[in-house]
Each structure stands twice: as structure tokens, then as C-alpha cells.
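# Geometric and topological summary
Here is what each chain is made of, one letter per residue.
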Amino acid sequence: MNFSELIKYSGISKFSPNGRHIAVTQGHRLAIKDIDHMQSIQIFACQDVISHVEWSPDSMYILAAQYKKAVVQVFSIQDPEWTCLIEEGLSGLTFARWVPDSRQIITISQFQLKLTVWSLIDRSVSYIKNPKHSDRALSFSSDGKFMALAERRDTKDYMGIYYTEDWKLVNHFQLDSVDLNDLRWAPDDSAIVVWDNCIDYRLMVYCPAQGLIAKHQPYENALGIKSVEFSQNGQFLAVGSYDQKARIFNHISWRLITELEHKTQMSEGAELHVYKEEEYREGPAYGLEDRLTSRYVMQNLPLKINSIKPSTDKPNPQMGVSLALWSPDSKYLVTKNDNMPTTLWLWDMTTLTLHVVLIQFHPIKSVAWSPKTQHLAFSTGTGRIFLWSEEGASVCDIPIENRQFNVQKIQWNPEGDSILLGDKGELLMAYPQFEFFDDEEEGLGEDHYDDQ
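Residues numbered from 1 in each chain as written. Predicted model: local features only at pLDDT ≥ 70, side-chain atom pairs only at ≥ 80, totals over all residues. Heavy atoms only, no water.

### Observations concerning the nonpolar core
Core analysis: the biggest nonpolar cluster contains 22 residues, and Ile248, Met266, Leu333, Trp345 and Val357 have the highest contact counts within it. Elements with a minimum of two residues in this core: β24 (236-241), β25 (245-250), β31 (321-326), β33 (343-348) and β34 (353-359). Leu325, Leu346, Val367 and Trp388 belong to the second largest nonpolar core, which has 17 residues in total. (Core = buried A, V, L, I, M, F, W, Y, C linked by side-chain atoms within 4.5 Å. Buried < 20%, exposed > 50% of the residue type's maximum accessible area, 1.4 Å probe, protein only. Helix = DSSP H or I, 4+ residues; strand = E, 2+ residues; numbered from the N terminus.)

And the structure:
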């Protein structure tokens, strides 16, 4: 694996959807770099410190939201002279994002008083009142023609379906939720999945035209849903919860297929591969001092995995399945149970069985699937990255002289040929050598997780 030179940044880095560029914030500046040489091709000056960056889906434009000043600046990659300024004024700004057509931008004001749609074509403006949340509970259909939005009125949750050509209301109904947390459109656009906040386990499925079609509440009077993720092929829905289980649902009948339990005891005789990271000191060579590194050691069964007891007197307890990410071909599901922060669980969804367990020396910080191969990359906040594929698991040290680069964040290039590694204030590009899927194969999307 090859590595680039270090790049300074101020906390935000985003690949363009076409994988050709990367946007990096540097205080008030937004730098656009090409992937091949990591050289800046454009540097845009902003009015204030940049809070959020997002590429347009067609990779031709990029927005830089500055929440403190309540403005959004939009820049063109092809025409650096072209700019656009959106000012929310006294209503404030809490979120900004693109509409899938790449020519409209959505902003949400402070206290969720209104959602505004700004057109870059004719400068028209549309308003929707009372969005439920600022940074979630908004989802588009796969063709981008419809938007589902959670709304809060008279202490009750509603969902509005809007046509994105003219932003007219297509359907509107009250939800059977207590306090909606988020919603997501199914990949085939047949349904919209809605779930409540963590206080109650309540998962609901709505038809955009007919309303409620399914509801699941496996238990009551306990903390509920913690993570929700559709498979890349759209056939399965994984729901992680605070009871340390991941439940898999079918997208046709919306019935429960199986419950994946994260047990502390691994029984003997199971067809399971367990890798455990062990640190050791590598002796001096080529005039260099000895260094601390690590390797994977295969473990024999039976085996017990350490589990922590979460504090019950603090908010957001460290427990339950906070991560459920599907491989690009939907064959594997990787999960992380916060009761076991150093362990990753890899499930084979063709047999609905546990396939691999990866036990790390330090708590896991970031996890990401390659968008085009069955390669899983993850980090533990140390000077190394970890990779898993069907061939096995491996460790790669970051070759930085006289210091250590601690990998806190992992991002795959959408083309799958490079990995962006992030530490506090610095970035590094890694270039692994993999064989890719054919472009015709389905489910080539990126799935990632960062433990903030």
C-alpha cells in the first residue's frame, strides 16, 4: 500500500461523487484537490469558518455552509468565476444540503421554523413549515422526484410527501410515532421506514400513497433503536438496538427474518474465524529504532469476549448495536456492539450466520466498506489501519517518520482505488491494490461509520 504526503485541514474532507476530486477545509478556505496528485486545482475563500461541505450529486458544484453567519456559498468546479450566495438572515441556519437534481439547495432555519428550497436556475424560492429535525428525517426517492419530510405540528408527528419539480404537497398523514427520530425511503421507492427515538423501540413502514403497512415493536419499557441500514441491493433492512441485537427484515413483506445476537461466549464447533490483534515490539533494522506494531493471531474456540457494563446514570449509554453496514454486494453485514467496543462482527447473510469476529487491542473508531470490492477497512485511533477480505485480515502501519499519525477517520474514494485517512488536523491518502467488481454488478455503494 502506498501513501501520499500529509495534508493540513480543519476538520472537513469530502470526496466528489465521481471520485475525481476531494474538498478540504482550511479555516475560511475551501480547497479542491485532484485525486491523482493531491494538488489544489481551486481554492475558494468563504466569509466565515466553514461548518458543512457537500458536493452536488453531479460533482459540478459544491456548497460551503457557514452556520454562525447563516450563509451558504456555492462554487462551480468548472467555472471558478461563478459563485452563489444564500443568506438566511435573522431566521438563522442549522443545515444545508443538495436536492438530487444538483440545481436546488435546501436550508433549514433555527428552531426548525421553516425549510427553504433555493433554485440555482431561476432563483425561485419555496418554503415548507415546521420540519421536525434540521439534520435528519428528510429523504428522497431513488429517482429524486419525491421528498419525504417529517413535520411536527401540535405536538404530533406528520409526514409530507412533496414533488420536487414544483414542491407541491402530494400526500400528508399523521404518523403512529411518539417522538420520531428519523425516516428513510426504501431503495425501490415502495415504502418509507420511520423509527422513534431511543426511548421506545418502534419501527414503522409506510406506503407513500396509502399510509401505514407494517409496524414492529419487539419489546417495551426499554431503550430501542440505535442504527438502521438498508442493504445495497435493497432486499434487507438491518436494525440495531440497545438490547445488543441486530434484526433483519425482508423488504417485501417487512417481516422479521432473523435476530443477530452479540454473545460474549463463542461455543466450540462453530464454523467461525476469530482474529485477535496483539501488539508487539519489532526489533531494530536498517539503522531504525525498534517500534511498537501489531499483528492478528487466530483464536481457538471456545472463547469469551470481554463486555463492559455501561453507566446507567449518564445519557447515551455505551451499549447496543450502533453500527450495521452492508458490503457492496450485500453478502456481508458488519456490526459493532458498544458493550464490546473493541470487537467487529461479520455476518454471512447468505447463511444468516456469524462468519468472522475481529477483536482489536483498542476501541474501534471508524469502519468503511470499499464501494467496489469486498474489502473492509477500519481504524482504532492508532498509527495503523486494518483490512479484512475473504482472503483474511491484515494490519498496515502508517509510515510517518519521527512521529505517529493516529487514524481517527476512514473514507473510501467512490471509485474504490484510494482511502482517505484522517487525524486531528491532518489527512493522508492511501492507495491499496485490489481487484474490482465488474461495473455491471449491483449494489456498488459506499457504506461507512465513524465513532465520534
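Having put the structure on the table, let's press on.
### Quick look at the packing of aromatic side chains
The full count for this structure, using the stated rule, is 14 aromatic pairs. Ring geometry for Tyr61 versus Trp82: centroids 5.1 Å apart, planes at 65 degrees, classification edge-to-face. Linking Tyr61 in strand β8 (residues 61-66) with Trp82 in the loop between β9 (71-76) and β10 (83-87), this pair joins segments that are 21 residues apart in sequence. Judged by its relative accessible area of 28%, Trp82 is partly exposed. Between the aromatic rings of Phe236 and Trp326, the centroid separation amounts to 6.0 Å while the plane-to-plane angle is 10 degrees, which identifies the pairing as stacked. Here Phe236, found in strand β24, pairs with Trp326, found in strand β31; they are 90 residues apart in sequence, far enough to count as distant. (Phe/Tyr/Trp six-rings, centres within 6.5 Å; stacked < 30°, edge-to-face > 60°.)

### Let's talk about the sheet that holds β8
Pairing is antiparallel in the open sheet, where four strands are placed in the order β7-β8-β9-β10. The sheet is open, and its two edges are formed by β7 (52-55) and β10, each paired on a single side. The average undirected angle you get between the axes of adjacent strands in this sheet is 15 degrees. Two strands pair when backbone bridges link them, and β8 and β9 are joined in this way by six bridges, in the antiparallel orientation. Within β9, the residue paired with Gln66 across the bridge is Val71. (Pairing = 2+ DSSP bridges. Axes fitted to C-alpha atoms, helices over the stretch in contact; angles between N-to-C directions.)

### Focus on the sheet that holds strand β17 (residues 156-163)
Taking strand neighbours across the sheet as the criterion, the four strands line up as β15-β16-β17-β18 in an open arrangement whose pairing is antiparallel. Here the strands that pair on one side only, and so sit at the sheet edges, are β15 (138-140) and β18 (168-174). Looking at each pair of strands side by side, their axes are set apart by 20 degrees on average, direction ignored. Bridge count for strand β16 (residues 146-153) against β17 is eight bridges, and the pairing is antiparallel. Bridge pairing in β17 places Phe146 opposite Tyr163.

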